[in-house]
Amino acid sequence: MCQVDEDYQEQLQQAQLPSVSKKCVKCKEAPAAVVIRAGDTFCRGCFKEYFIHKFRAMLGKNRVIFPGEKVLLAVSGGPSSCSMLSQVQEGLSQNAHKKLRFLPGIVFIDEGGAVGQSVEERQRTLAELQAVFKATGFPFHMVPLEQVLELPSSVLVTAPALSERPAGAYKAAVDRFIQSDSRSSVPPRQQEETSLPRVQESHRQLLQQLIGSAKTLTAREDLLNTLRQHLLVHTARTEGYSKLMLGDNCTRLAVKLLTSISLGRGAQLAQDTGFSDSRYGDTILVRPMRDYSAKEIAYYNRMFSVPSVFLPSLDTKTTDKSSIQRLTESFVTKLQADFPSTVSTIYRTSEKLQTACRSTSAADHCDRCLLCMCALDTPVEKASAFKATLISEQLSQTKSPGANSAEVQRQNPAPVELESTAPSGDCCSSGGGNCVKAASGGGCCSSVKVPETSDLKSLLCYSCKLTIKDMSSVERLPQYILSEAQRRQRRSQMREEISEFLLDDEDDGDEGD
C-alpha cells in the first residue's frame, strides 16, 4: 500500500518525448519531420501520402459520390476547407495514382455584411480568394450572404431524392466512366467564374438588423449557420450540383457535437455530424474532412504551402463565456492540450449515436423543422421533459393574484390566429389562390402578414425554438421563411378541417387485407 512518507523519486522515470530526430514510423529510413500523436512520427513524403490516402479512403469507403457527378465545394477560406480544396485538386491531377472522377465547383459565401466589415475590407478579401480559386481551374461562385433575403420558399421544401441504387451500381458507374473516358478525349472545361454582385446598402442593413435581432451571441451564431446552409443548398440546386462538400474536420465536429447537445439538438446529431446528410433530398451534404484533426490540417498546410485566408466571424476576439459555441470550443481545445485523445474519443462516440425519432428521409414535408429541415423532435409523449418545460412556461405566464389587467395584457398578448383574417371559403389552401383580402394586405395570401411567435414555434424543433425565442421580433426573418410558415399553417388548418374524411394508413392496410 501507499505510505505517506514513502519516497517515489527513485522509481519514477521520465517518459521519453518524441523527437524529430527519430526515424519515420512508416518508411523507417528518413528522419521524422512531423509528430501527429505520441509515437506517430512521419517524414515529409510519408506524411503527404498518409494525408492524401485518408481523404480518398473516406470517399471510397462511403461511395456516396458517383463518377461524373457535379460536386460543389463549400470553401470558407479557412485551413480546413482550403485543405479540402487542395485534396480535390490533387486527386484530379494527371499524375494522381487513383484519380477522382467527379466534376468539382467552388462556392464562397461572403459574410462580411453580417460581421460588420466595410466594403473595402470585403473587396480585399474577395480578391485574395479569387486568386486562390483561379489557380485551381475549377468554376467558382462568390455569393454575398445578403442574397439570403431574396431566396425562394422552395429552399425549405425537400426535393424528391434519387431512388435507391442497387449494390453494384457504383462499380458499374466506375466501369462506364472509365470506358467513356478512354474512348473520347474530352477537352478541358472553360473556367466559369461569377464575380460578387454589388450589394445594396438596404440589404446590408436588413441583414445586420436580422442578425442583431438575436439577443445572445449563441442565437446569432446558430441563426447565421442556418442562413448560410440555406444559401449553399440554393446555390447547389440552381447551378446543377447534386452533392455539397463541407470542410468540417474532426476537431470542429467534436465541438459541434457537444454544442448541439447543449442546445437541445440531440435528435439531429446524426445529420449534423455524420459523413452524409440527406435532409434536403436532392442535394446531399458530405463531410470528407471529418477524419482529420485540426493539428494534422495545420501541419499539412504549413509544410506544403496550402493557401488560406483569415476571415473574422461573429465570435472573433470574444471571451470564452460569450456563447455556448465559444465556451465548448475553449473547453475541448484546452482539454485536448492535456489529454490528446479527447477529440478522437468524442468523435468516435458520435459515430455510434443514433436517434430514436423518425428519420429525416421518411419524415413528411410538414413534419420537418422550418429552419434546420430535420425531422421534428417535439411530437413526444405527455410524460416527457419537453412537455414539462412547456407546462412550466405556460404557468409562468399565467395571471398572478396581484397583477392588474393592463400588466397581464402587456405580458401575455392574445395570439392572433391566421384563419381569423379571412372568411371561410375565400382563402386558398396552398398559397397559390386569390384571397379576397390580399389586395388590402390583410388576407392570408398577403406577404405583409407576419405569423405570431407562438404560431411559428409550432413549426420548429426544440433547438430552433430556443433560437427564435432569443429574437426580439420574428418580423426580421427573411420573407421566404415567413411565407413557408404561412403555407404550412394553412395546410395544417385545412388538414384539421377535413380530418374526419381522411383514412389512416392502418385503415388502408385493413381494407387491403
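Residues numbered from 1 in each chain as written. Predicted model: local features only at pLDDT ≥ 70, side-chain atom pairs only at ≥ 80, totals over all residues. Heavy atoms only, no water.

Attention now moves to helix α7 (residues 217-238). Taking 1.5 Å of rise per residue, the 22 residues of α7 would be expected to cover 32 Å, and the 32 Å separating its terminal C-alpha atoms lies within 8% of that figure. For α7, the buried fraction is high: 16 of the 22 residues fall into the buried class. Looking at the residues trailing α7, positive phi occurs at G240, about 85°. (Helix = DSSP H or I, 4+ residues; strand = E, 2+ residues; numbered from the N terminus. Expected span 1.5 Å × (residues − 1). Buried < 20%, exposed > 50% of the residue type's maximum accessible area, 1.4 Å probe, protein only.)

With that settled, the discussion passes to the nonpolar core. Ranked by size, the top nonpolar core spans 49 residues in total, and within it L210, I211, L244, C369, L370, I468 and L477 carry the most contacts. Sorting elements by how many residues they give to this core places α7 first, with 8 residues. If near-sequence neighbours (up to four positions away) are discounted, I211 is found in contact with A114, R220, L223, L224, L227 and L314. By size, the runner-up hydrophobic cluster in this structure holds 44 residues, among which are C24, Y50, M58 and V309. (Core = buried A, V, L, I, M, F, W, Y, C linked by side-chain atoms within 4.5 Å. Contact = heavy atoms within 4.5 Å.)

Before going further, it helps to spend a moment on the pairing of strand β4 (residues 103-110). In terms of residue burial, β4 counts as a mostly covered element, since 7 of its 8 residues are buried. Of the pairings in the sheet, the one linking strand β3 (residues 70-74) to β4 comprises 5 bridges and is parallel in character. Within β4, the position partnered with L72 by the bridge is G105. In terms of handedness, the path from β3 via helix α2 (residues 79-91) over to β4 forms a crossover that is right-handed. (Pairing = 2+ DSSP bridges. Right-handed = clockwise from strand over helix to strand, strands pointing away.)

The next point concerns the confidence of the model for the protein. The pLDDT averaged across the protein works out to 81; a share of 73% of its residues lies at or above 70. Below pLDDT 50 for its whole length, residues 184-188 participates in 0 contacts with residues either more than four positions away or in separate chains. This stretch, residues 428-434, has a pLDDT under 50; its non-local contacts, to residues over four places away or in other chains, come to 12 contacts. (pLDDT = per-residue confidence, 0-100.)

A word on the environment of D272. Looking at the secondary structure, you find D272 in helix α9 (residues 269-273). Separated by 102 residues in the primary sequence, D272 and C374 have C-alpha atoms spaced 9.5 Å apart. At 2.8 Å, the side chain of D272 forms a polar contact with the side chain of R279. (Polar contact = N/O pair within 3.5 Å; in protein donor to acceptor, adjacent residues only side chain to side chain.)

By secondary structure assignment, the location of R265 is in the loop between α8 (250-262) and α9. Among residues more than four places away in sequence, those in contact with R265 are S260, D272, R279, C372, C374, C461, S463 and C464.

Under the 1.5 Å per step criterion, the end-to-end length of helix α6 (residues 201-212) is 16 Å for 12 residues, consistent within 8% with the ideal 16 Å. Within the span of α6, buried status applies to H203, L207, L210 and I211. Along the long axis of α6, the arc covered by the buried residues comes to 95°, so they all point the same way. Residues of α6 that are buried in the fold lie against α3 (112-115) and α7. (Arc of directions from axis to C-beta.)

At a minimum axis separation of 11 Å, helix α1 (residues 44-62) and α2 run at an interaxial angle of 85°. One element, α1, and the other, α2, form an angle in the roughly perpendicular class. Contacts between α1 and α2 involve F51, I52, F55 and R56 on the former and, on the latter, S83, M84, Q87, V88, E90 and G91. For the contact of α1 with α2, the residue count by class is 5 nonpolar, 3 polar and 2 charged. (Axes fitted to C-alpha atoms, helices over the stretch in contact; angles between N-to-C directions. Parallel < 35°, antiparallel > 145°, perpendicular 65-115°, else oblique. Nonpolar A, V, L, I, M, F, W, Y, C, P; charged D, E, K, R; others polar.)

Put simply, α2 and helix α10 (residues 294-303) touch, their axes get as near as 10 Å, and they point 60° apart. Taken together, α2 and α10 sit at an angle that is classed as oblique. Crossing angle aside, the handedness with which α2 passes α10 is left-handed. Contacts between α2 and α10 involve P79, S80, S83, S86 and Q87 from the former and I297, Y300 and N301 from the latter. Class assignment for the residues of the contact of α2 with α10 results in 3 nonpolar, 5 polar and no charged. (Left-handed = near helix turned anticlockwise from the far one by under 90°.)

Attention shifts here to a nonpolar patch on the surface. Taken together, I498, F501 and L502 make up a surface patch of nonpolar side chains, about 300 Å² in accessible area. Residue placement: L502 occurs in the loop between α17 (479-497) and α18 (505-512). (Patch = residues over 30% accessible without salt bridge, like charges linked within 9 Å, V, L, I, M, F, W, Y side chains within 5 Å. Areas by Shrake-Rupley, 256 points an atom, 1.4 Å probe, with all protein chains shown as cover. Salt bridge = Lys/Arg side-chain N within 4 Å of Asp/Glu carboxyl O.)

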